[in-house]
Amino acid sequence: STRLKRHLENANERINLLKVVHQEATIAKLPPELVLAVIQVESNFNRYAISSVGAQGLMQIMPFWLGEIGKPEDNLFDIDTNLRFGCTILSIYLEREKGDMHRALARYNGSVGKHWYPRRVYTALRKRWYMQ
């Protein structure tokens with residue numbers, strides 16, 4: 001929780017976010033620390049972030065995913081929903097890439113064949129979330 005304090009001042013919000021990250025990452029068979037690194041890179045923990053291409057929330061989910069794995073009325077700014085979608089999408093890409101996390105991360109970002117995005121996630125993972 002203390003590593004997250006600079007992003008979320010409220011202790012209850014931090015604990016809630018960490019619980020949901022752990023739950024959704026575990027369901028998707030992803031390391032929770034990796035999910036935290038993705039969130040840091042994608043939105044810097046701004047649950048209301050919107051990218052220039054329309055991706056939304058903590059894990060920057062594109063709205064077209066509502067029709068693929070959700071329902072049109074799902075709220076991508078809702079923490080539980082956003083993390084469920086993000087973890088599920090990353091898990092789908094990891095399976096598609098036959099366990100190659102580097103390629104799965106690039107696919108998650110829409111930059112397959114490039115290395116800058118996975119490197120940013122791995123750097124955040126190593127420096128902030130301490131997974132080796």
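Here's a quick rundown of the structure. (Residues numbered from 1 in each chain as written. Predicted model: local features only at pLDDT ≥ 70, side-chain atom pairs only at ≥ 80, totals over all residues. Heavy atoms only, no water.)

1. Remarks on the packing of helix H5 (residues 101-109) against helix H6 (residues 116-129)
Axes are the key here: two packed helices are described by the angle between their axes and the distance separating the axes.
Turning to step 1, where the next piece is worked out: Where H5 meets H6, the axes come as close as 8 Å, and the angle between the chain directions of the two elements is 110°. With respect to each other, H5 and H6 are oriented roughly perpendicular. Contact with H5, carried on its side by Met101, His102, Leu105, Ala106, Tyr108 and Asn109, involves Trp116, Tyr117, Pro118, Val121 and Tyr122 of H6 and no other residues of that element. (Axes fitted to C-alpha atoms, helices over the stretch in contact; angles between N-to-C directions. Helix = DSSP H or I, 4+ residues; strand = E, 2+ residues; numbered from the N terminus. Parallel < 35°, antiparallel > 145°, perpendicular 65-115°, else oblique. Contact = heavy atoms within 4.5 Å.)

2. What to know about the layout of surface pockets
Turning to step 1, where the next piece is worked out: Approximately 260 Å³ is the volume found for the largest pocket.
Turning to step 2, where the next piece is worked out: Taken together, 16 residues make up the lining of the largest pocket; nearest its centre are Gln60, Met62, Tyr108, Asn109 and Gly110.
Turning to step 3, where the next piece is worked out: Those elements giving two or more residues to the lining of the largest pocket turn out to be helix H4 (79-96) and H5.
Turning to step 4, where the next piece is worked out: Ranked by the residues each element gives to the lining of the largest pocket, the list is headed by H5, at 3 residues.
Turning to step 5, where the next piece is worked out: Residues of the lining of the largest pocket, tallied by class, amount to 9 nonpolar, 5 polar and 2 charged.
Turning to step 6, where the next piece is worked out: Approximately 160 Å³ is the volume found for the second largest pocket.
Turning to step 7, where the next piece is worked out: With 3 residues, the top contributor of residues to the lining of the second largest pocket is helix H1 (residues 11-27).
Turning to step 8, where the next piece is worked out: Considering only residue class, the lining of the second largest pocket consists of 6 nonpolar, 2 polar and 2 charged. (1 Å grid on protein atoms, 1.4 Å probe; cavity = no way out; pocket = protein on both sides within 12 Å on 5 of 7 lines; lining within 4 Å. Points joined across faces, edges and corners; volume = space filled by probe spheres on them. Nonpolar A, V, L, I, M, F, W, Y, C, P; charged D, E, K, R; others polar.)

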